[in-house]
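Close look at the chain arrangement
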Amino acid sequence: MPKIDTAAWLIQKVASYLAIEPDRIDITRPLAEYGLNSVYALTLCGEIEDHFGVPVEPTMAWDYPTVTAMSEYLRTQLVARR
């Protein structure tokens, strides 16, 4: 199975939601500080489920508030599915 760069995927998605350049996103900064609201958070959860095939709770963006935390969580879920 090829390695999936979950962080890069998350950065691209969040940047597109917030209409900012991906390189402006600090992967250790809470996404809520960028203005990621509950609508975008729910949208992101749906896109994660669709793209990665991993079911996630609607609270994931709050439980794992940074790209780093979210990416690590996703990697553990993907490894568990193998």
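Before going into details, it helps to say that this report is about the structure given with it.

Reading the values: the criteria
Residues numbered from 1 in each chain as written. Predicted model: local features only at pLDDT ≥ 70, side-chain atom pairs only at ≥ 80, totals over all residues. Heavy atoms only, no water. Core = buried A, V, L, I, M, F, W, Y, C linked by side-chain atoms within 4.5 Å. Buried < 20%, exposed > 50% of the residue type's maximum accessible area, 1.4 Å probe, protein only. Helix = DSSP H or I, 4+ residues; strand = E, 2+ residues; numbered from the N terminus. Contact = heavy atoms within 4.5 Å. Axes fitted to C-alpha atoms, helices over the stretch in contact; angles between N-to-C directions. Parallel < 35°, antiparallel > 145°, perpendicular 65-115°, else oblique. Left-handed = near helix turned anticlockwise from the far one by under 90°. Nonpolar A, V, L, I, M, F, W, Y, C, P; charged D, E, K, R; others polar. Polar contact = N/O pair within 3.5 Å; in protein donor to acceptor, adjacent residues only side chain to side chain. Patch = residues over 30% accessible without salt bridge, like charges linked within 9 Å, V, L, I, M, F, W, Y side chains within 5 Å. Areas by Shrake-Rupley, 256 points an atom, 1.4 Å probe, with all protein chains shown as cover. Salt bridge = Lys/Arg side-chain N within 4 Å of Asp/Glu carboxyl O. Lys, Arg positive; Asp, Glu negative; His and termini not counted. Charge placed at Lys NZ, Arg CZ, Asp CG, Glu CD.

1. Quick notes on the nonpolar core
Leu-10, Ile-25, Leu-44, Ile-48, Val-56 and Met-70 are the most contacted members of the largest nonpolar core, which totals 27 residues. Residue contributions to this core peak at 8 residues, all from helix H1 (residues 6–18). The contact partners of Val-56, leaving out residues within four places of it in the chain, are Cys-45, Ile-48, Glu-49, Tyr-73 and Leu-74.

2. Quick notes on unusual backbone geometry
For Ala-19, which is not glycine, the phi dihedral falls at a positive 55 degrees. Position of Ala-19 relative to the elements: it lies in the loop between H1 and helix H2 (38–52). A relative accessible area of 70% means that Ala-19 is categorised as exposed.

3. Quick notes on the packing of H1 against H2
Running from N to C, H1 and H2 point in directions that differ by 140 degrees, and their axes come no closer than 11 Å. Considering the angle they form, H1 stands oblique to H2. The element H1 and its partner H2 pack so that their crossing is right-handed. Side by side, H1 and H2 meet where Thr-6, Trp-9, Leu-10, Lys-13, Val-14, Tyr-17 and Leu-18 of the first sit next to Tyr-40, Thr-43, Leu-44, Glu-47, Ile-48, His-51 and Phe-52 of the second. Across the contact of H1 with H2, the residue classes tally to 9 nonpolar, 3 polar and 2 charged.

4. Structural notes on the side chain of Thr-66
If you trace the backbone, Thr-66 turns up in the loop between helix H3 (60–63) and helix H4 (67–81). Of note is the side chain of Thr-66, whose polar atom sits 3.0 Å from the backbone nitrogen of Ala-69. Dropping the residues within four chain positions of it, Thr-66 is found in contact with Ile-27, Thr-28, Arg-29 and Pro-30.

5. Describing a negative patch on the surface
Taken together, the side chains of Glu-49, Asp-50, Glu-57 and Asp-63 present a region of like negative charge at the surface. With respect to the secondary-structure elements, Glu-49 resides in helix H2.

6. Topic: the environment of Ala-61
Within the element layout of this structure, Ala-61 appears in helix H3. The spatial distance from the C-alpha of Ala-61 to the C-alpha of Leu-42 is 8.2 Å, given a sequence separation of 19 residues. Each residue touching Ala-61, except ones within four places of it in the same chain, is listed here: Leu-36, Ala-41 and Met-70.

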